[in-house]
Amino acid sequence: MNLLENRFGLKAAGTDVRTETVAGITTFATMAYILILNPKFMGMAGMDPVGVLITTALISGLVTIAMGIVSNLPFALAPGIGSCVMIATAIVIPGLASWQTALGMVLISGILFLLLSLFRLREQIVMLIPKNIKIGISAGLGVFIIRTALINAGLFTEGFKGFGDFSQPQVRLAAIGLVLALLFSFLRVKVGEKTYQIRGALLLSIILTTVIGVFMGCVSLPESIFTSGALSSAKNVCFKADLFGALRLEYISLIFAFFISDFFGTLATALGLAGKVGMMDEDGNFPSIGKVFLVDAVGTVVGAFTGLAVVTTYVESASGVESGGRTGLTSVVTGIMFLLCIAFAPVFLMIPDAATAPVLIMIGISMMQGLQNVDFSDCEWPPVAVMVIAMLFYGISQGIAIGLFSYCVIKLAYGLFTDDRSENALPSLPTVILTVLACCQFVL
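Summary of the structure given here. Being a predicted model, the structure only gives us computed values, none of them experimental.

1. As for the packing of helix H8 (residues 131-152) against helix H17 (residues 353-367)
- Taken N-terminus to C-terminus, the directions of H8 and H17 make an angle of 160 degrees; their axes are 7 Å apart at the nearest point. Judged by the angle between their axes, H8 and H17 are roughly antiparallel. The element H8 and its partner H17 pack so that their crossing is left-handed. Only Ala357, Leu360, Ile361, Gly364, Ile365 and Met367 of H17 make contact with H8, whose side of the interface consists of Ser138, Ala139, Leu141, Gly142, Ile145, Ile146, Ala149 and Leu150.
- For the contact of H8 with H17, the class distribution of residues is 11 nonpolar, 3 polar and no charged.

2. Let's talk about the nonpolar core
- Judged by nonpolar contacts, the single largest core of 120 residues is most densely connected at Ile81, Ile87, Ile91 and Met105.
- The element best represented in this core is helix H12 (residues 252-277), accounting for 12 residues.
- Membership of the second largest hydrophobic core comes to 7 residues, among which are Ile135, Leu371, Val374 and Val384.

3. Here we look at the side chain of Thr334
- The residue Thr334 is located in helix H15 (residues 328-340) in this model.
- We classify Thr334 as buried; its relative accessible area is 0%.
- Beyond its immediate stretch of four places on either side in the chain, Thr334 contacts Gly24, Thr27, Phe28, Thr64 and Ala76.

4. Description of the packing of helix H4 (residues 49-71) against H15
- Between H4 and H15, the shortest axis-to-axis distance is 7 Å and the interhelical angle comes to 165 degrees. Relative to H15, H4 is oriented roughly antiparallel. Note that H4 runs across H15; the crossing there is left-handed. Residues Ala57, Leu58, Ser60, Gly61, Leu62, Thr64, Ile65, Gly68 and Ile69 of H4 pack against Gly328, Ser331, Val332, Thr334, Gly335, Ile336, Phe338 and Leu339 of H15.
- The residue inventory of the contact of H4 with H15, partitioned by class, reads 9 nonpolar, 8 polar and no charged.

5. Focus: the environment of Leu183
- Structurally, Leu183 is set in helix H9 (residues 169-186).
- Residue Leu183 is classed as partly exposed on the basis of its relative accessible area, which comes to 44%.
- The sequence separation of Leu183 and Ile198 amounts to 15 residues, and the corresponding C-alpha distance is 9.7 Å.

Rules of the game
- Residues numbered from 1 in each chain as written.
- Predicted model: local features only at pLDDT ≥ 70, side-chain atom pairs only at ≥ 80, totals over all residues.
- Heavy atoms only, no water.
- Axes fitted to C-alpha atoms, helices over the stretch in contact; angles between N-to-C directions.
- Helix = DSSP H or I, 4+ residues; strand = E, 2+ residues; numbered from the N terminus.
- Parallel < 35°, antiparallel > 145°, perpendicular 65-115°, else oblique.
- Left-handed = near helix turned anticlockwise from the far one by under 90°.
- Contact = heavy atoms within 4.5 Å.
- Nonpolar A, V, L, I, M, F, W, Y, C, P; charged D, E, K, R; others polar.
- Core = buried A, V, L, I, M, F, W, Y, C linked by side-chain atoms within 4.5 Å.
- Buried < 20%, exposed > 50% of the residue type's maximum accessible area, 1.4 Å probe, protein only.

Keep in mind these values describe shape, not function.
The following block contains the structure:
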């Protein structure tokens, strides 16, 4: 106890070992769905699902523990579901690149992020991206995830030409799962002056949908709940990233998409959680954000080497904060929970798509909330709308490129044909260069 107190400063933070332990378990419960979804989507990309599950649990556990020790903050990390979906459905399945090359793209983005974190250049990068485009990327990715989930679950036909075949048990199970996910996510019970909600709502909906699927004949129980051949499975996905294959001009926009999801996702999560914990200074700055960026960047690099998508700081860490977590001990407990899951891979792999698709829909809905921070003025909103629509119908990297192109065209038209000569009337030269690089995918 004295060791933990000295290392994490529990009393100074107004917490104790019991509170931090409960907070760590709560954080794990709210983000454990990644152990189910990541193998599913990376498996769609041709990777060994067992190997992906093993490395997901291992790297998420180790990097989250590292975050707790290095930063002494209650932040947890794991592969971002958006980047998992992007690798499977926007890169590998359409035939743009192999999963090895996609991991190479993730590795490049992680190295760039690591260099920027080491040299503290993130502020300059932020200036290159129009604020509205940056905010809108999460919403565009959200609608892309929703579209993918609806089709994979069979709730809608390919191309959104109509509803799926509800005579199929899997489709009916997916509908049940969606109802459960909505119910558990938004159920609130008021007792006296306090309002309670379900912790780990997404995980609970997956578990119950899977149990229902067993009785509906949609789920087959594994012969054993323990992992066998874990080492050989991990070897099938570790150290396969094709770094040199990813160094092609047409992949710039994809690398940019990975970079943006990690860089700005971590920035937004870190600042949001810091404000909730009360770690912002009087000027509104977060002094420890450099440590968060550094651990996050190292996690992405290590994750790419071991067969994972972009490792990012999870907003679900807020559940642990709300449970009283205030120090890095919360993250250490969450990391230990991830490591314990390595021994039970078959339990997670039995989960059907019908149980995970509703969770993806809920995640997509959550990501769309970023639109509330968008500037809806005449020149700022249209590029975001174009980008979101393009992501829905064409893909993530194409949507970003089209959004940037729309931004530059609208800004040029406004700046050249109006009397406005303010600094922001025209797109900046770095933004134009970035747009040209992103649009290279359409001509190469």
